[in-house]
Every structure is written in C-alpha cells, then in structure tokens.
Amino acid sequence: MTEKYMMAIPSERNDNSTCGLPRSDAFHLFLDADGAIFPWPGLVMQATIGCIWYWCFDQVMVQRTIAAKNISHAKGGVLMTCFLKVLPLFTMVFPGMISRILFTDEVGCADTEVCKKVCDNEVGCSNIAYAKLVMEILPNGLRGFMIAVMLSAIMSSLTSIFNSASTIFTIDVWQKIRKSAGEKELLIVGRLFVTLMCGISILFLPLVKAAEGGMIFAYINAVDSILAYPIGMMFLLSIFWKGATEQLHGCTWWTRIRPNQYDVKRSDQTVTTVFSTQMDIVNSDMSDGENKSADNALRPKEVSEEIRLPVLRRITNFLFGNMSSSKSSEFGMTQRKEFLTEINFTKNILNVLVVLLFCIIALLIGIYR
C-alpha cells in the first residue's frame, strides 16, 4: 500500500499543477508546521482541546457516561471507547487510501468535469472512497451487511445528536422561558424540536457539500474548532477549581485521592435532586398507597380508556407516546457518595489499562509520526 499509494495518480489532470498528486507526507500523522493543511502545531493544540471538549463535555458522549452505575463503570466505558478509537486508523483511514489505489480516476479525480460526473461534486470525490470500496469489492451478502452497518452507525450518531440537542433545548432554553412547564410539555417540545432539527439538517446539506472543498470531515472539524476551545477550557476549569463544581470530594483533581471523604460545606446539603422519567406525573398529589391502588384499578381498563379518549388525544399519544403513568427516582447525597466510591482492585485494573492504552498510542505515533 505504501508503494502503490504514491503512484495512484489520476489519468486526467493538469500537468502544470500538483492537483491529483498524492502528498509526499501521506503516511505521517504530523505534517509540516508551515504547511497549509493540518500543520502539526495547530493539530496538536486543536486536537488536545477539541478532544477534551468532545470526550468530556459534549452531550453526545457525556449522556452515556451519566448512565453508569458508579465511577468505575464510567471509567471502564470510557477506556473501552478509547481502545475502540484506535481502530479507525485501520478501519477508516487505510481503507480510504486503498480505495484511491484501486479506483484512482474516481476517488482521486483531479478534473472538475470528471469529478462532477463521478460524484456530482466538482471539488473532489474523496467522500465516496469507503462506499466505493464496499460496493465494488465485497460480494452481495457482505455488501448488504456493510451497508446495514454503515446506516446503523449513522442512525446511532443522529439519534445521539438529536437527543442531546432536544435535552439542551428543553432544559436550558424552554424551561427558562416557561418555568411552570410540566414533563409532558417538555417531552412534546423536545420531540417537536427534533423534527425541526431534521428539517434544518436537510436544508443545510448543500452548504456542507460546498464547504471546505467538499470534504465533510474537514468541514466538521472546522465547525467543531469554533466551540472546542471555550467549552474545553470551561471543563478544565471545573476540574482544577473547586468553585466551579460541587464541593463534594472526588469531583476535582485535588480531591481525587480522597474519594471516600465527603465534606459538603454547602448549606443545602440535605436537598435532594429528583429526576423524573419522560412519563407525565398525573397523580403526584396522591400518597404511595393511593398510587398503588389507583394503578391496580386502572390497569385492566387501560385499553378501554384509550378508546374513550378524544381523537386528537389519541393521535397525540400515537405520535408522542402515552404519558398516563409516572415513576420518579431520587439521586441525593448518599447516592453521589456511593457513585464516587471505588474498589481498589477495580481501580488498579483500570489504571493498568490506561497505561497499556498510552503505550499503544505511543507506538502508533512512533511508527506514523
């Protein structure tokens, strides 16, 4: 691959320019500092802060960590993700380079007319590299399987993004506008916001196609870099300055070595935070015994009561779900202490895995520097 990639030159190109020629530093992670494309000082700074923002603060990633039952599970999940993140070099970058070798005139096209004909993009067809490899090389069974995998990955990313955007809008924006909004209203508003986001995304596609020379990955990085620095620095501040987070030990760098001590200096330490599910709380004023008896009485009549609902209400339930029951859970100081408590054996295993991960990364950097 290292030999043939440097010879993957399209047949139709302008001999007076370097367009279409493989870069001489194609197999290096760190490009020239004075280069126009991804110079290594900018890459190191942007990638460092950008990764801190994305992996530690972005709602798409954080929402999965929040679901962990304790901090050891959260660390293990993050470590598993880090090990998987090493694979794209072999599952995405190298296959893309192989695709250019095999389909040089299509994937590596350098003439605007040829590119327009191949992928309907005058600036280049690098975006079709992986799809071209799948469609042309794999047999029918594996081809359908890989297409299903690609579509599943896209849908998983989209659902995470839309769920995050919906949560941020309903909690941080809509709830500030309507302070008395109930859970049912927040749920409906969140789903309507997702629908609006889908429409905006479709309308935004032509701009994405034309931006950054038609390179979607470069466009995503350009947009992310605008948000990465301020949010990444905010996260770092919350780690090293206890005034930016709870006074609960274990939440900052300076208190990480005392996870079993919980000196809460705030005056509202007895207050617990209640997180309700997405179901509307109808019988919130009733006692526990009344709730149980009411639930038992309503359970056999659930279908008949649904039929007696007005047509508009039935349509709403069909689109947004039936929100006639409720369940809530409390996550107070006791649970927070349990969450931050680690077993020494598990902690040591995770630390060993962190060292192993850094060794693998150092090895790859040494090979492809």
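Residues numbered from 1 in each chain as written. Predicted model: local features only at pLDDT ≥ 70, side-chain atom pairs only at ≥ 80, totals over all residues. Heavy atoms only, no water.

Visitor: Got a minute to help me understand the overall build of the chain in this structure?
Guide: Within the chain, the regular secondary structure consists of 16 helices and two strands. Considering the chain as a whole, with its 369 residues, one finds that 24% of them fall into the buried category. Taking as baseline every contact in the chain between residues at least 6 positions apart, the subset at least 24 positions apart corresponds to 63%. (Helix = DSSP H or I, 4+ residues; strand = E, 2+ residues; numbered from the N terminus. Buried < 20%, exposed > 50% of the residue type's maximum accessible area, 1.4 Å probe, protein only. Contact = heavy atoms within 4.5 Å.)

Visitor: Help me understand the UniProt feature "transmembrane region" (unreviewed entry) in the chain, please; the structure alone is not making it clear to me.
Guide: Following the UniProt record, one finds the feature "transmembrane region" (unreviewed entry) at residues 37-57, 78-98, 145-174, 186-204, 216-240 and 349-368. Measuring from the first to the last C-alpha atom of residues 145-174 gives 41 Å, for a span that is 100% helix and 0% strand. As annotated, residues 186-204 comprises 100% helix and 0% strand, and the C-alpha atoms at either end are separated by 26 Å. (UniProt positions renumbered as here; feature names shortened; annotations may be inferred.)

Visitor: What is the right way to read the pattern of salt bridges from this model?
Guide: Pairs may arise between side chains of opposite charge once their charged atoms sit close together. Going through the model one piece at a time under the given rule, you end up with five salt bridges. Of the charged contacts, one joins Lys-116 and Asp-120 as a salt bridge, the two residues approaching to 3.0 Å between their closest N and O atoms. Look at Lys-116 and you get partly exposed, because its relative accessible area is 40%. (Salt bridge = Lys/Arg side-chain N within 4 Å of Asp/Glu carboxyl O.)

Visitor: Would you take a moment to explain helix α8 (residues 129-137) for this structure?
Guide: One turn of an α-helix holds 3.6 residues; hence residues three or four places apart share an orientation. Residues of α8 that are buried: Ala-129, Leu-133 and Val-134. Looking straight down α8, one finds its buried side chains confined to an arc of 135 degrees; they lie on one side. Of the surrounding elements, those touching the buried residues of α8 are α5 (88-102), α6 (104-107) and α9 (140-177). (Arc of directions from axis to C-beta.)

Visitor: What should I look at first to understand the nonpolar core in this one?
Guide: For soluble globular proteins, nonpolar side chains are generally found buried alongside one another. The biggest cluster of nonpolar side chains holds 11 residues, and these are Tyr-5, Phe-27, Leu-79, Val-86, Leu-89, Phe-94, Met-97, Ile-101, Leu-350, Leu-357 and Leu-364. For this core, the secondary-structure elements that each account for two or more residues are α5 and α16 (344-367). Looking at this core, the element that brings in the most residues is α5, giving four residues. (Core = buried A, V, L, I, M, F, W, Y, C linked by side-chain atoms within 4.5 Å.)

Visitor: In this structure, what is going on with the environment of Lys-337? I would like to understand it.
Guide: Here Lys-337 lies in helix α15 (residues 333-340). Sequence separation between Lys-337 and Asn-70 is 267 residues, and the spatial gap between their C-alpha atoms is 9.6 Å.

Visitor: Quick question: what am I supposed to make of the state of the cysteines here?
Guide: Here a disulfide denotes a covalent bond joining the sulfur atom of one cysteine to the sulfur atom of another. Applying the stated criterion across every chain yields a total of two disulfides. A sulfur-sulfur separation of 2.1 Å characterises the disulfide bridge that pairs Cys-109 with Cys-115. What sets the handedness of the Cys-109 and Cys-115 disulfide is the S-S torsion sign, and at about 120 degrees it is right-handed. Assessed through its relative accessible area of 10%, Cys-109 is described here as buried. Accessibility expressed as a relative area gives 2% for Cys-115, which makes it buried. The cystine pairing of the chain, numbering bonded cysteines in sequence order, is 1-2, 3-4. (Disulfide = S-S within 2.5 Å.)

Visitor: Looking at this structure, how should I read a nonpolar patch on the surface?
Guide: Side chains of Leu-29, Phe-30, Trp-40, Val-44, Ile-361 and Ile-365 sit close together on the surface and give an oily, nonpolar patch of about 460 Å² of accessible area. When residues of the nonpolar patch are traced back to their parent elements, those giving at least two are α2 (40-56) and α16. (Patch = residues over 30% accessible without salt bridge, like charges linked within 9 Å, V, L, I, M, F, W, Y side chains within 5 Å. Areas by Shrake-Rupley, 256 points an atom, 1.4 Å probe, with all protein chains shown as cover.)

Visitor: Can you help me understand the side chain of Ser-166 in this one?
Guide: Relative to the assigned elements, Ser-166 resides in helix α9. Those residues within four positions of Ser-166 in sequence are excluded, and the remaining contacts are Gly-190, Arg-191, Phe-193 and Val-194.

Visitor: Would you explain the environment of Cys-125 in this entry?
Guide: By the element assignment, Cys-125 lies in the loop between α7 (112-119) and α8. Once the C-alpha coordinates of Cys-125 and Glu-106 are considered, the two residues, 19 residues apart in sequence, prove to be 6.9 Å apart. Excluding residues within four positions of it along the chain, Cys-125 makes contact with Glu-106, Val-107, Cys-109, Cys-115, Val-118 and Cys-119.

Visitor: Could you clarify how one ought to interpret α9 in this entry?
Guide: Over its 38 residues, α9 extends 53 Å from the first C-alpha to the last, a length consistent with the 56 Å expected when each residue adds 1.5 Å. A bend of about 35 degrees at Thr-170 is the largest found in α9. Those residues of α9 that sit buried are Met-146, Ser-160, Phe-162, Ser-164, Ala-165, Ser-166 and Thr-170. (Expected span 1.5 Å × (residues − 1). Bend = angle between axes of the 7 residues up to and from the residue.)

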